[in-house]
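# Examining the three-dimensional arrangement
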Amino acid sequence: MALGDDVLLEIDSEGVATITLNQPERRNALSTAISDGISAALAEIEGSDARCVVIEGAGGAFSAGGDIESMVKGIENDVPADERVRALERSTNDLMRTLIDFPVPTVALIDGPAVGAGANLALACDMQLASEDAVFGFVFRQVGLSVDAGTSYLLPRVVGENVAKELVLTGDIVDADRAAELGLVNHVYGRDELEERVDEFVDTIVSGPPIALRHANRLVGEGLEKSLEQALTDEATAQGIVFETADHEEGVDAFFEDREPEYEGR
C-alpha cells in the first residue's frame, strides 16, 4: 500500500505492518511529506489486525533527521520563526506524540544513519534493532540548532541525563556497537544475518497474545511517570481486562497441555 511515493505501507498475513521511508535520495529526512506519510500509515494500521509495526528506511539510511532543504528555504525566504515552529509542531511533533503512544508494539529497523530527528524517530519506537552499519547522532548543533523532535524527553530516559547531554552538546556520532552499550538499540546484527534475525524477533512478538501485549507495552511505557501505587493499580486493572480474553484461556490450556499457544487476539 502506498501513501504517496514518500512512505510505503505493507501489512502481511501474519500481522506485521512495515512502514518504509522512501526518499533515499534525501536519506529519508523527516520532511513534511515523510512525517505526514508515517502518521497516515499509523492511522491505517490502528484500524487493522496488525500485531507489530516495523519502521525502516529505504536506500541504506534510516533517516538523516531534519529537512535541510526546508531550513534553507526558511532562511532565504525570511520565514518568521513562529511560522516555522508551527510547522514543526504540526508535522514532526504530532508524529512523535502518535508514535510514542501507539497501541501496537513498534520496532525501528535501523540500517545506516539515524541522526537528529531521525534518531528520535527510532527512539520513539518501543524497540530498536540495528545493522552493524547503523550510526546514531543527535547532531542539531551542526546546523546551529537546539534539540527538537522529543530529544529532551526520549534521550535521557534511555541513556541517562549526563550521557544525553554529552551526545547533544558534542554532536558525536556513535556506531552500532556503542549505541548498544548505551542502550540506544536492543540488538545489533551482522549484515549477513540481519533479515533472518529481525524476522525472528518480530515473529516472537506477533505470535504473542495481542491484547495482553498491548496492555503490557503501554504500562511499561507509562511506568516512569507513575508512583508505585498507581502502577500497581493500573496493572491490576489491565489484568482484569485480560483475564476475560480467550487468549488467556488458550495460554493456560497450552501451558498444561505442554504445547505452544495459538493466540487469536480476542
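Residues numbered from 1 in each chain as written. Predicted model: local features only at pLDDT ≥ 70, side-chain atom pairs only at ≥ 80, totals over all residues. Heavy atoms only, no water.

The criterion, for reference: UniProt positions are given in the numbering used here, feature names are shortened, and annotations may be inferred rather than shown by experiment.
As recorded in an unreviewed UniProt entry, the chain goes by the name Enoyl-CoA hydratase, listed as coming from Natrinema altunense. A UniProt comment under Sequence similarities (unreviewed entry) is attached to the chain, and it reads "Belongs to the enoyl-CoA hydratase/isomerase family."

## A look at the packing of aromatic side chains
The geometry of an aromatic ring pair comes down to the distance between the two centres and the angle between the two planes. The line we're drawing: Each Phe, Tyr or Trp ring (for Trp, its six-membered ring) is paired with any other whose centre lies within 6.5 Å, and the angle between the two planes then decides the class: stacked below 30 degrees, edge-to-face above 60, tilted in between. Partly exposed describes any residue whose relative accessible area lies between the buried limit of under 20% and the exposed limit of over 50%, with all areas from a 1.4 Å probe on protein chains only and scaled to the type maximum. A ring is scored as having a charge over it whenever the NZ atom of a lysine or the CZ atom of an arginine sits within 6 Å of its centre and within 35 degrees of its normal.
Across all of its chains, the model carries one aromatic pair by this definition. A centroid spacing of 5.4 Å and a plane angle of 90 degrees characterise the contact between Phe255 and Phe256, whose relative ring orientation is edge-to-face. The class of Phe255 is exposed, set by a relative accessible area of 65%. Of note, Arg157 hangs over the ring of Tyr153, and the distance from its end group to the ring centre comes to 3.7 Å.

## Let's talk about the environment of Arg197
For the record, the criterion: Only DSSP runs of H or I with at least four residues qualify as helices, and only runs of E with at least two residues qualify as strands; both kinds are numbered from the N terminus onward.
Within the secondary structure, Arg197 is located in helix H8 (residues 194-206). Counting along the chain gives 10 residues from Arg197 to His187, while the straight-line C-alpha distance between them is 9.6 Å.

## Regarding the pattern of salt bridges
The condition is simple: Basic side-chain nitrogens of Lys or Arg form a salt bridge, by our definition, when they fall within 4 Å of a carboxyl oxygen of Asp or Glu.
Counting across every chain of the model gives 14 salt bridges. In this structure, Arg218 engages Glu222 in a salt bridge whose closest nitrogen and oxygen atoms are separated by 3.4 Å. A residue pair is termed a helical-turn pair when its members lie 3 or 4 positions apart in one helix, as Arg218 and Glu222 do in helix H9 (residues 210-222) at four residues. Classification of Arg218 as partly exposed rests on a relative accessible area of 36%. Residue Glu222 is classed as partly exposed on the basis of its relative accessible area of 28%. Arg259 is the salt-bridge partner of Glu250, the closest N and O atoms lying 2.7 Å from each other. Judged by its relative accessible area of 17%, Glu250 falls in the buried class.

## A closer look at the pairing of strand S3 (residues 52-57)
Here is the rule: At least two DSSP bridges between two strands are required for those strands to pair.
Pairing between strand S2 (residues 16-21) and S3: six bridges, direction parallel. Following the sheet pairing, Ile19 is matched in S3 by Ile55. Summarising the sheet, S3 and strand S4 (residues 106-110) pair through four bridges and their orientation is parallel. Looking across to S4, one finds that Val54 is bridged to Val107.

## Focus on a nonpolar patch on the surface
Rules: Each patch is assembled from residues with relative accessible area greater than 30% and no salt bridge, linking like charges that lie within 9 Å and nonpolar side chains (Val, Leu, Ile, Met, Phe, Trp, Tyr) that lie within 5 Å. Each accessible area is a Shrake-Rupley estimate made with a 1.4 Å probe; only the visible protein chains count as cover when residues are assessed.
On the surface, Val252, Phe255 and Phe256 cluster together to form a nonpolar patch covering roughly 380 Å² of accessible area. Positionally, Val252 belongs in helix H11 (residues 246-256). A relative accessible area of 35% places Val252 in the partly exposed class.

## Observations regarding the pairing of S2
Here is the rule we go by: A right-handed crossover is one whose linking path, passing over the helix from the first strand to the second, runs clockwise when the strands point away from the viewer.
For S2, a buried count of six out of six residues is recorded, marking the element as mostly surrounded by other parts of the structure. Neither face of S2 is left uncovered, since the one carrying Val16, Thr18 and Thr20 and the one carrying Ala17, Ile19 and Leu21 both have all their residues buried. Pairing between strand S1 (residues 7-11) and S2: five bridges, direction antiparallel. For Ile11, the partnering residue across the bridge sits in S2 and is Ala17. Between S1 and S2, which pair antiparallel one after the other, the connecting turn spans four residues, and Gly15 there sits at a positive phi close to 95 degrees. The β-α-β motif built from S2, the intervening helix H1 (residues 32-46) and the parallel element S3 has right-handed crossover chirality.

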